Number of protein chains: 2
Amino acid sequence: MEALQPRRSGANAALRAAAPAWILLSAAPGLRAEMEEIDGTEKEAEESHRQDSVSLLTFILLLTLTILTIWLFKHRRVRFLHETGLAMIYGLLVGVILRYGIPATSYHNKTPPSCSLKEGPASTLLLNVSGKFFEYTLKGEINSREIHNVEQNDMLRKVTFDPELFFNILLPPIIFHAGYSLKKRNFFRNLGSIITYAFLGTAISCFVIGNMMYGVVTLMKAVGQLTDKFYYTDCLFFGAIISATDPVTVLAIFNDLHADGDLYALLFGESVMNDAVAIVLSSSIVAYQPSSANTHIFDAAAFFKSVGVFLGIFSGSFVMGATTGVVTALVTKFTKLHCFPLLETALFFLMSWSTFLLAEACGFTGVVAVLFCGITQAHYTYNNLSAESTKRTKQLFEVLHFLAENFIFSYMGLTLFTFQNHIFSPIFIIGAFVAIFIGRALNIYPLSFFLNLGRRVKIRGNFQHMMMFAGLRGAMAFALAIRDTATYARQMMFTTTLLIVFFTVWVFGGGTTPMLSWLHIRVGVDPDQDLQPSADSFQVLQGVSSQGDGQSKTKQESAWLFRFWYNFDHNYLKPILTHSGPPLTSTLPGYCGPLASCLTTPQAYENHDELRDPDSDLIHSDADLTFMFGDTSITANGASGRADAAGELGWSANGKRSGSTSEEALERELDSREQELLSRGTRLVFPVEYHI
Amino acid sequence: MEALQPRRSGANAALRAAAPAWILLSAAPGLRAEMEEIDGTEKEAEESHRQDSVSLLTFILLLTLTILTIWLFKHRRVRFLHETGLAMIYGLLVGVILRYGIPATSYHNKTPPSCSLKEGPASTLLLNVSGKFFEYTLKGEINSREIHNVEQNDMLRKVTFDPELFFNILLPPIIFHAGYSLKKRNFFRNLGSIITYAFLGTAISCFVIGNMMYGVVTLMKAVGQLTDKFYYTDCLFFGAIISATDPVTVLAIFNDLHADGDLYALLFGESVMNDAVAIVLSSSIVAYQPSSANTHIFDAAAFFKSVGVFLGIFSGSFVMGATTGVVTALVTKFTKLHCFPLLETALFFLMSWSTFLLAEACGFTGVVAVLFCGITQAHYTYNNLSAESTKRTKQLFEVLHFLAENFIFSYMGLTLFTFQNHIFSPIFIIGAFVAIFIGRALNIYPLSFFLNLGRRVKIRGNFQHMMMFAGLRGAMAFALAIRDTATYARQMMFTTTLLIVFFTVWVFGGGTTPMLSWLHIRVGVDPDQDLQPSADSFQVLQGVSSQGDGQSKTKQESAWLFRFWYNFDHNYLKPILTHSGPPLTSTLPGYCGPLASCLTTPQAYENHDELRDPDSDLIHSDADLTFMFGDTSITANGASGRADAAGELGWSANGKRSGSTSEEALERELDSREQELLSRGTRLVFPVEYHI
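1. Digging into the overall build of chain A
Thought 1: Along the backbone of chain A there are 30 helices and five strands.
Thought 2: Counting across all 692 residues of chain A, residues that qualify as buried make up 64%.
Thought 3: As displayed, chain A has an accessible area near 25000 Å², and 64% of this comes from carbon and sulfur atoms.

2. Points about the environment of Ser55(B)
Thought 1: Tracing the chain through its elements places Ser55(B) in helix H2 (residues 32-76).
Thought 2: Taking the C-alpha atoms as reference points, Ser55(B) and Phe417(B), 362 residues apart in sequence, are found 15 Å from one another.

3. A few points about the nonpolar core
One recurring pattern in soluble globular proteins is that nonpolar side chains are buried together.
Thought 1: Residues Phe238(A), Met466(A), Phe238(B) and Met466(B) are the most contacted members of the largest nonpolar core, which totals 306 residues.
Thought 2: Apart from the residues within four sequence positions on either side, Phe238(A) is in contact with Ile209(A), Met213(A), Phe428(A), Ala432(A), Met493(A), Thr496(A), Thr497(A) and Ile500(A).
Thought 3: Grouped together as the second largest cluster of nonpolar side chains are 16 residues, Leu125(A), Phe134(A), Leu125(B) and Tyr136(B) included.

4. So, the pattern of salt bridges
Thought 1: The tally for this structure, following the rule as stated, stands at ten salt bridges over all chains.
Thought 2: The residue Lys391(A) makes a salt bridge to Glu388(B) at a minimum N-O spacing of 4.0 Å. Here the residue Lys391(A) occupies a position in helix H15 (residues 387-418), and Glu388(B) occupies one in helix H15 (residues 387-418), the pair thus bridging two chains.
Thought 3: Glu388(B) gets classed as partly exposed once you look at its relative accessible area, which sits at 28%.

5. Brief notes about the packing of helix H9 (residues 232-242) of chain A against helix H19 (residues 488-510) of chain A
Residue and element names in this part refer to chain A.
Thought 1: For the pair H9 and H19, the least separation of the axes is 11 Å and the interaxial angle reads 25 degrees. In terms of orientation, H9 and H19 fall into the roughly parallel class. Of the two possible hands of crossing, H9 and H19 adopt the one that is right-handed. Contacts from Asp234, Phe237, Phe238, Ile241 and Ile242 in H9 reach Ala489, Arg490, Met493, Thr496, Thr497 and Ile500 in H19.
Thought 2: Tallied by class, the residues present in the contact of H9 with H19 amount to seven nonpolar, two polar and two charged.

6. A look at helix H16 (residues 426-454) of chain B
Thought 1: An ideal rise of 1.5 Å per residue puts 42 Å on 29 residues; H16(B) measures up with 42 Å between its terminal C-alpha atoms.
Thought 2: At Ser448(B), H16(B) shows its maximal kink, close to 25 degrees.

7. Describing the side chain of Gln464(A)
Residue and element names in this part refer to chain A.
Thought 1: Tracing the backbone shows glutamine 464 in helix H17 (residues 461-469).
Thought 2: With relative accessibility at 11%, the residue glutamine 464 sits in the buried group.
Thought 3: The residues touching glutamine 464, leaving out its near neighbours within four places in the chain, are Ile444, Tyr445, Ser448, Asn452 and Ile459.

8. Let's talk about the packing of helix H13 (residues 341-361) of chain A against H15(B)
Thought 1: At a closest axis distance of 10 Å, the pairing of H13(A) and H15(B) adopts a crossing angle of 70 degrees. Our classification of the angle between H13(A) and H15(B) gives roughly perpendicular. Crossing handedness for the pair H13(A) and H15(B): right-handed. Residues Leu342(A), Leu343(A), Thr345(A), Ala346(A), Phe349(A) and Leu350(A) of H13(A) lie in contact with H15(B), whose contacting residues are Glu398(B), Val399(B), Phe402(B) and Leu403(B).
Thought 2: Its residues placed into classes, the contact of H13(A) with H15(B) shows eight nonpolar, one polar and one charged.

9. Digging into the environment of Phe397(B)
Residues and elements named next belong to chain B.
Thought 1: Here phenylalanine 397 lies in helix H15.
Thought 2: Once the C-alpha coordinates of phenylalanine 397 and isoleucine 174 are considered, the two residues, 223 residues apart in sequence, prove to be 8.1 Å apart.
Thought 3: In this structure, phenylalanine 397 is in contact with Phe176, His177, Phe348, Phe349 and Ser352, ignoring residues within four places of it in sequence.

10. Section: the packing of aromatic side chains
Thought 1: Under the definition given, this model contains 64 aromatic pairs over all chains.
Thought 2: For the pair Phe407(A) and Tyr411(A), a centre-to-centre distance of 6.1 Å together with 15 degrees between the ring planes defines the contact as stacked. Of this pair, Phe407(A) and Tyr411(A) are both found in helix H15, four residues apart, which corresponds to roughly one turn of the helix. An identical accessibility class is assigned to Phe407(A) and Tyr411(A); each is buried.
Thought 3: Centre to centre, the rings of Phe503(B) and Phe508(B) are 6.1 Å apart; their planes meet at 75 degrees, and the pair counts as edge-to-face.
Thought 4: For Phe503(B), a relative accessible area of 37% translates into the label partly exposed.
Thought 5: The aromatic ring of Phe167(B) is capped on one face by Arg483(B), whose charged end is 3.8 Å from the ring centroid.

11. Focus on the confidence of the model for chain A
Residues and elements named next belong to chain A.
Thought 1: With 67% of its residues at a pLDDT of at least 70, chain A reaches an overall mean of 72.
Thought 2: Low confidence marks residues 527-558, where pLDDT is under 50. Its contacts with residues over four positions away, or in another chain, come to 72 contacts.
Thought 3: Contacts of residues 609-692 to residues separated by more than four positions or lying in other chains number 168 contacts, the stretch itself having pLDDT below 50.
Thought 4: Overall fold confidence for the complex sits at a pTM of 0.76, while the interface term, ipTM, reaches 0.73.

The rules we used
- Residues numbered from 1 in each chain as written.
- Chains lettered and ligands numbered in written order.
- Predicted model: local features only at pLDDT ≥ 70, side-chain atom pairs only at ≥ 80, totals over all residues.
- Heavy atoms only, no water.
- Helix = DSSP H or I, 4+ residues; strand = E, 2+ residues; numbered from the N terminus.
- Buried < 20%, exposed > 50% of the residue type's maximum accessible area, 1.4 Å probe, protein only.
- Areas by Shrake-Rupley, 256 points an atom, 1.4 Å probe, with all protein chains shown as cover.
- Core = buried A, V, L, I, M, F, W, Y, C linked by side-chain atoms within 4.5 Å.
- Contact = heavy atoms within 4.5 Å.
- Salt bridge = Lys/Arg side-chain N within 4 Å of Asp/Glu carboxyl O.
- Axes fitted to C-alpha atoms, helices over the stretch in contact; angles between N-to-C directions.
- Parallel < 35°, antiparallel > 145°, perpendicular 65-115°, else oblique.
- Left-handed = near helix turned anticlockwise from the far one by under 90°.
- Nonpolar A, V, L, I, M, F, W, Y, C, P; charged D, E, K, R; others polar.
- Expected span 1.5 Å × (residues − 1).
- Bend = angle between axes of the 7 residues up to and from the residue.
- Phe/Tyr/Trp six-rings, centres within 6.5 Å; stacked < 30°, edge-to-face > 60°.
- Lys NZ or Arg CZ within 6 Å of the ring centre and 35° of its normal.
- pLDDT = per-residue confidence, 0-100.

The structure is reproduced here in structure tokens:
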């Protein structure tokens, strides 16, 4: 947040600071006229600096107001409006005030001076004013019809930030936090499905929406509603940016109500991953340049080049993020930095941020790299940090994420009124709403069908409907849309994206709780099993006893790729990068002995006897349990439940209701959850043998 | 930290993002030439963005390296070099590499395009390139001899940040953290002395240095060493910026060794306060504009105007900071926000930052406002936060402060080689070293003499010498010096300031430990008495018994002003703003009854019976104790110690050595401290009656 201040005021403030010095120095007689002129400039710069502060203050007060209202809502258990929706509403109100409440006359009623050059725009321009040189930096191209806007309303201009702000400052903490919170067993259990939805699903959605919108655009051309160019690639670009889902509202309610863990993991995992996919996809579409410059028809070479760009950027960012994560893990493992939590936290923060810069410096996508850095760090580095630092880093990124997210949403609200170049096209907007609906449906339902062929525990109908329903659009779609609003097509896309975000966040976000009960989705299940202190190295009783060993084996064989990865991770990566896991000396072949003992820390030997690796059960026999647990979750509410299923039995044994559909029941459920979790965690589980 | 990225890359990145869109759109036949030109611009912008990332990465790797080395130093108990000194050394090394290691030829070997205008510089400039308009923002004036530097070495230019960065991003967290850490009883005990040193002392130092430097400048003119203008006001300005002390190195060692608490409070308090005084003083000197424009002689009207500016800005910033602090206290008191630590922390962060913006928007000094906001929040708001949030906010600002401080110091190191306009003037530099020495001496010794006339417990000689020795210059002097380097005089000041910072941080910072033992200053005293859980509402045994009531009364009467403030604070402010203190219903007169019960929360009634206000003993009978404790501290090492003094006896009773001069002893002392603190805290004290 602190970043906003100087970038808008820097230039002016520098002038402001410099000006008094000139006044003292240029005080030779006869220079009065010049002095007065500089004095005027100084005053103007000071006024501009003041306005900068006021505009930032507006946002801070907006956020403060949002926080206070959120508290009130949480306090009163209001769930129909999430904090992000609230931030948008406040943003809208302030936008209206700024737009219509402040007189449009600015303090200087002149168009800014302009000069002409024959060369192309350089990043730096020198201005010669009677022998004095001033340095100017390029801000961007400005539309010829916007030129008179420059003078219109200073305050409106002040509250408009450089779009790169969203990519370089606000998204990284949000995405990193998402990656860093992914250390959930449910996520790894459903990894295959998540990746399918994120990659295949987003691609489907992108192309479905793109093609439908091309139809809409053609229709608009036919009825004469389109006044400027709108190419097929533009439609695909729109498909890419609008395919990034952001069910933050839905997930917050899932979290509150402890809704089913697998569904949570599917939704959260998909939304995190498809953000990354959408970014890279949109860059690839921009990179699609047919060789014949005057056409926008299909060009196979350019298409494959785009696919290459996609794969290159994605894998490059992935490797970059994973590498920094691994380096941080090694650094934190082999230094005793954990004695100084402050140093540790600072180092962790710097390393995470350097991922972003490293990726940008290499031409990859910083945001995607940061995501995978977060996942790697949650998986490895996290284990090396001191207890103090794990808390600190989590909290630090939690605060940053919270502020960034609410800032983006309130800015969205504001933008609806303060953005100067909206193009509201009813046909395009209606078309887009239909297209995203169909695009989401063609993503979720067919993929779920195919996934269910391979999954032992099916993704049932009500889960699919919920995933369909939770296709909200949020921060990433907005950031991608605002990044470039230079052309007519992009401006129309931006307006439409904004409306889609508003609609989905308010309507779908607000309807989550009724939808959950209408779809009979079980609530009151602990979504984060890691919270249960003893659950890590134990297993749910029924998961083993009722299924038997035969089926367990079958499952393990079918998931051999994941088994291979987990074994590799457990036997080699974890011991190398963290203090946990079996000592390398016992997993590496004999001839690697010296290397192994060099890489194994004394803690590893100790840990090996006492502690279990948090993911160890997952590796060896959890695949089966996973699906058991998933199964029970679906069978809640007595719809088609099997009484011997794990969760069901657990609840019955505790003498509690096993699910309820009315909202009041949800409330009661929530109230009585806290004290039950722990007892349940220990009552339902028993230790399982550790077999390598 | 995250702020650095976009402000330098924003413009270019925006262009980069916009460019591909043009390429798709401007693809009409015959436009190939234009496309290639834009393509070139795009490549240049991308290259520039890449360089931005690399330059930031440089700083991050610098900080990472610093952190790892600090860890090594802490691990090995190396004390001759503090982390800030280390950061400077690494910065220096990287500066040398950037300056001499990278070939000066940039990728575009042309001077940036320039155009001429007759009007003065506006903040926005439009550039017309064959019908397309580009918007440029003013970066600042550029020296005519710097113009060819623009093309010289891109990397050198990239690592040079806008000076306002220091004021708007890096200083606020440092200063806020300082204010927020001031909640130490020793600080309030020595408030009078601290304010005297900070205000009167800084003013003395400023004028002494300013006048001496004017002498030096006159000498330089006489021997022909001065090639450009250097006015008396410039000299005074130099006096103001160089009077801001920053004994961060010394205090870190004090903290490590648990050196005397009163000395710590005097040094820390003085340095925090004199930063604020120096900022406002320098603005006031800049505001000193004699009415006769062509002279720089003394002008009474302008002088009083400057004094008015000083008082106005200082009191305005003070009121602004205190007000936001009070508002935050009220908000946190009357909402039950403490159930949601994340919201609470975010709110706290936003409110603190809004102080800065509010002050800037009103034309006051944000940094000064933030300092007083921090103090107010530490005193009131802190008590309303949940235990979780108090930790979170402390840690959040600790990390920010740590990163900001080390960034500034490594940037200082870098600047010595990368700054393009150094003016090394041996006479000026030698003169400045002598002047700051004399200025510091004329601040500390005479003021200590006068303070000792009023103080019961004198500031002894060895304390005075230590304060003299601890007159290091740091971040604030640097930030004030780099803020404006447009003129010859300012450039010379900047170079000199940089050298003074290097010298004092390395030599005085490194010499702290030997100096402490050479001056026989006691170590192993707990500087933060608030850490002792039970010490707050108790008193040191001897402080009461050996002195008797008569003297205690005398003391209280002499400090009536502070007594009045403490009573007012305890009886009215604390109960209004926090949950602690006596209920308002018991302290306010009867006719305020309804208001009082409205402002008093149920907790206050409960707390009243159980808890004591942390500062309560201070108010009623601590004045005496204070000086007792201060006294013993001074009499350590058997030099002139009284055996019945509090600290002395405490240590003797515990069968431990009461002080040692050799460095090995210091080490041992430190090692054995941790387990003793708690037992000492309870063994030495007994409950005291609570009398209103």
